Amino acid sequence: AEGCSFRASYATMPQCVPARTSWYTGRMSCETGAPTNGDFCRPDIPDLGQWLTKRGDYNAVYAGKWHVNGRDVAKSFDLIYGKPLGKGEYIDGAVARACMGFLENYTEDKPFFLNAGFLNPHDCCYTGGAGGGQGKFRLAQEILDQMPPLPENWKPPAKKGKFISEWSETDWRFYIYTYYRWVEMVDAEIACLYDALRSSRFADNTVVIFTADHGDGAGFHGNISKGYMEEEAWRVPMIIVDPARVTKGKQDNEHLSIGVDITATICDYAQVPMMPKMTIAKSLKPLVEGKEVDWRDHIVGESFHGQQVAVRDQQHKTILYLNPKMQAKVFDLKADPLEMKNLVDTPGGRAVMANHKSRLLEFLDTVELYVPSGMAKHRTHELYLSFYIMLREEAKR
């Protein structure tokens, strides 16, 4: 209610480590060395904690989930609360309290950047995660009247043998129900922290940014979890509260934003130079202030998890796959927000896809593709690079 909500905001890659690594480096996941959860952030690029400390004379403070592999958070930030990933049900309250304690006890005149890394609704991974089953929750039959219906675009999972293929309709509805409960849990902690800020001496000169590293399938398209380019996983919340509140309560559906814009926005508000080679990132600060700016007309997102890439403009999205057996998808998001009608075989869909492939090639000429050398397990990098080369060759033909 007090911020500007960007409703067309997307992750660089809808998975934890890649998305978070992009937040802290300002670089796309194909550039950071961490395109999947098992990869490590390349050591030769700075992160926000280091940058704000050295370039802006800020105190950079961190609490909670970090999940940037290969980068010790305590060497970049003043770590006030850090635990292994665990479960948000147990640690998000501690994250909120640590940050509230910081606000109450901070007496320096030096400006600060405080990062609260909440976990939930990540706990849905334990309800419908790789281990299968419904975890500790066995109450589904008792709360049938409280559980939401299946999404309109739900369909049985295509991958047989995967444990969710055995789920009943009740199991699916219960998964969605519990996901909403995790959201409620973390909302309560965020409310406590936000109230503490508003009651502190920093209320009138502190910018608040709320976002998430990725979404969740939540039953849409018969999906759970993350790592694909449909809206439920790729699109994320983004709310910025500026002390001036010029755009208070505004919902911005027009301006397309991507995860690296967070980095640029923080640097802009902190009045420090942009970090090296942030060729895609754009600061959202002028939009929050209600200014007219020259903005991008499309974004590119990546998923090394599924060897796919997506291009989105104001109206359409194209999803391309490295696997030649996978059919590309083209959706009209204005007419078909649930992505139920693939237009790839229509004249209009083919025209959209051709345009988006051109935009993707422009993207490839802008970013610095990074392929670690001597690391056989990182074949995902090489496969994705092959995907890019394939598109270039197709364009030449």
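A. Main features of the overall build of the protein chain. The secondary structure content of the protein chain amounts to eleven helices and 13 strands. Over its C-alpha atoms the protein chain spans a radius of gyration of 21 Å, differing by no more than 12% from the 21 Å that the globule rule assigns to 397 residues. With respect to the principal axes defined by its C-alpha atoms, the protein chain has extents near 60 × 60 × 45 Å. Taking all 397 residues of the protein chain together, the buried fraction comes to 54%. Sequence separation of at least 24 residues holds for 67% of the intrachain contacts in the protein chain that already meet a minimum separation of 6. Carbon and sulfur atoms make up 52% of the accessible area of the protein chain, which amounts to about 18300 Å² in all. Seen as two clouds, the 47 positive and the 51 negative side-chain charges of the protein chain have centres 4 Å apart.

B. Structural context of unusual backbone geometry. For the bond running from Asn-120 to Pro-121, omega is 15 degrees, close enough to zero to count as cis. On the secondary structure map, Pro-121 appears in the loop between strand 5 (112–117) and helix 5 (124–127).

C. The sheet that holds strand 11 (residues 308–313), seen in detail. A sheet is described by the order of its strands in space; here four strands give the open sequence 10-11-12-13, paired in antiparallel fashion. At either margin of the open sheet sits one strand with a lone partner, and together these are strand 10 (298–303) and strand 13 (329–332). Within the sheet, the average angular offset between the axes of one strand and its neighbour, ignoring direction, is 15 degrees. The strands touched by helix 10 (residues 347–366) are strand 10, strand 11, strand 12 (316–321) and strand 13; relative to strand 12, the strand with the most contacts, the crossing angle is about 70 degrees.

D. Quick look at helix 1 (residues 16–25). Burial of helix 1 is extensive: ten of the ten residues sit out of reach of the surface. If you check which residues of helix 1 are buried, you get Cys-16, Val-17, Pro-18, Ala-19, Arg-20, Thr-21, Ser-22, Trp-23, Tyr-24 and Thr-25. On the buried face of helix 1, the contacting elements are helix 2 (29–32), helix 3 (48–55), strand 3 (59–64), strand 5, strand 6 (208–211) and helix 8 (260–270). Positive backbone phi, approximately 75 degrees, marks Gly-26, located one or two places after helix 1.

E. Up close: helix 10. The terminal C-alpha atoms of helix 10 lie 29 Å apart, and with 20 residues this matches the ideal 28 Å at 1.5 Å per residue to within 8%. For helix 10, every residue scored as buried is listed here: Gly-349, Val-352, Met-353, His-356, Lys-357, Arg-359, Leu-360, Leu-361, Phe-363 and Leu-364.

F. Local environment of the packing of aromatic side chains. Counting across every chain of the model gives 19 aromatic pairs. Between Phe-112 and Phe-202, the aromatic rings sit 5.0 Å apart at their centres with planes inclined by 85 degrees, giving edge-to-face as the arrangement. Of this pair, Phe-112 sits in strand 5 while Phe-202 sits in the loop between helix 6 (169–198) and strand 6, and the two are 90 residues apart along the sequence. On the numbers, 5.6 Å between centres and 45 degrees between planes, the contact of Trp-167 with Tyr-175 is tilted. With respect to class, Trp-167 is no different from Tyr-175; both count as buried. Among the aromatic residues, those joined into a ring-pair cluster are Trp-23, Tyr-24, Tyr-62, Trp-66, Phe-77 and Phe-113.

G. Spatial organisation of the side chain of Asn-69. Summarising the element assignment, Asn-69 is placed in the loop between strand 3 and strand 4 (78–81). Looking at Asn-69, its side chain comes within polar contact range of the main-chain oxygen of Asn-37, at 2.6 Å. If we ignore the near neighbours within four places in the chain, the residues touching Asn-69 are Val-17, Asn-37, Gly-38, Asp-39, Phe-40 and Cys-41.

H. Local environment of the environment of Asp-268. Within the secondary structure layout, Asp-268 lies in helix 8. Take Asp-268: its relative accessible area is 26%, and that puts it in the partly exposed class. Residues Asp-268 and Cys-41, spaced 227 residues apart in sequence, show a C-alpha to C-alpha distance of 24 Å. In this view, Asp-268 contacts Met-274, Ser-283, Lys-285 and Pro-286; residues no more than four positions away in its chain are not counted.

I. Focus on the nonpolar core. In terms of nonpolar packing, the biggest core is built from 71 residues, with Leu-360 and Phe-363 touching the most fellow members. It is helix 8 that provides the largest number of residues to this core, a total of seven residues. Leave out the neighbours within four places in its chain, and Leu-360 touches Val-300, Val-309, Val-311, Leu-320, Tyr-388 and Leu-391. Listed in part, the 20 residues of the second largest apolar core include Val-61, Ile-91, Cys-99 and Leu-103.

J. Representation of the packing of helix 1 against helix 8 within the structure. One can describe the packing of helix 1 onto helix 8 by two numbers: an axis separation of 7 Å at closest approach and a directional angle of 25 degrees. What the angle tells us is that helix 1 and helix 8 run roughly parallel. Along this stretch, helix 1 crosses helix 8, giving a crossing that reads as right-handed. Along the contact surface, helix 1 presents Ser-22, Trp-23 and Thr-25, while helix 8 presents Val-260, Ile-262 and Thr-263.

K. Structural view of the sheet that holds strand 1 (residues 4–6). Across the sheet, four strands lie side by side as 6-7-1-8; this open sheet has mixed pairing. A strand with exactly one partner marks an edge of an open sheet, and here the two such strands are strand 6 and strand 8 (251–252). Bridging between strand 1 and strand 8 involves two bridges; their strand directions are parallel. Residue pairing for strand 8: Ser-5 is matched across the bridge by Gln-251.

About the thresholds
- Residues numbered from 1 in each chain as written.
- Predicted model: local features only at pLDDT ≥ 70, side-chain atom pairs only at ≥ 80, totals over all residues.
- Heavy atoms only, no water.
- Helix = DSSP H or I, 4+ residues; strand = E, 2+ residues; numbered from the N terminus.
- Rg over C-alpha atoms; globule rule 2.2 N^0.38 Å.
- Buried < 20%, exposed > 50% of the residue type's maximum accessible area, 1.4 Å probe, protein only.
- Contact = heavy atoms within 4.5 Å.
- Areas by Shrake-Rupley, 256 points an atom, 1.4 Å probe, with all protein chains shown as cover.
- Lys, Arg positive; Asp, Glu negative; His and termini not counted.
- Charge placed at Lys NZ, Arg CZ, Asp CG, Glu CD.
- Pairing = 2+ DSSP bridges.
- Axes fitted to C-alpha atoms, helices over the stretch in contact; angles between N-to-C directions.
- Expected span 1.5 Å × (residues − 1).
- Phe/Tyr/Trp six-rings, centres within 6.5 Å; stacked < 30°, edge-to-face > 60°.
- Polar contact = N/O pair within 3.5 Å; in protein donor to acceptor, adjacent residues only side chain to side chain.
- Core = buried A, V, L, I, M, F, W, Y, C linked by side-chain atoms within 4.5 Å.
- Parallel < 35°, antiparallel > 145°, perpendicular 65-115°, else oblique.
- Left-handed = near helix turned anticlockwise from the far one by under 90°.

Taken by themselves, the reported measurements are silent on function.
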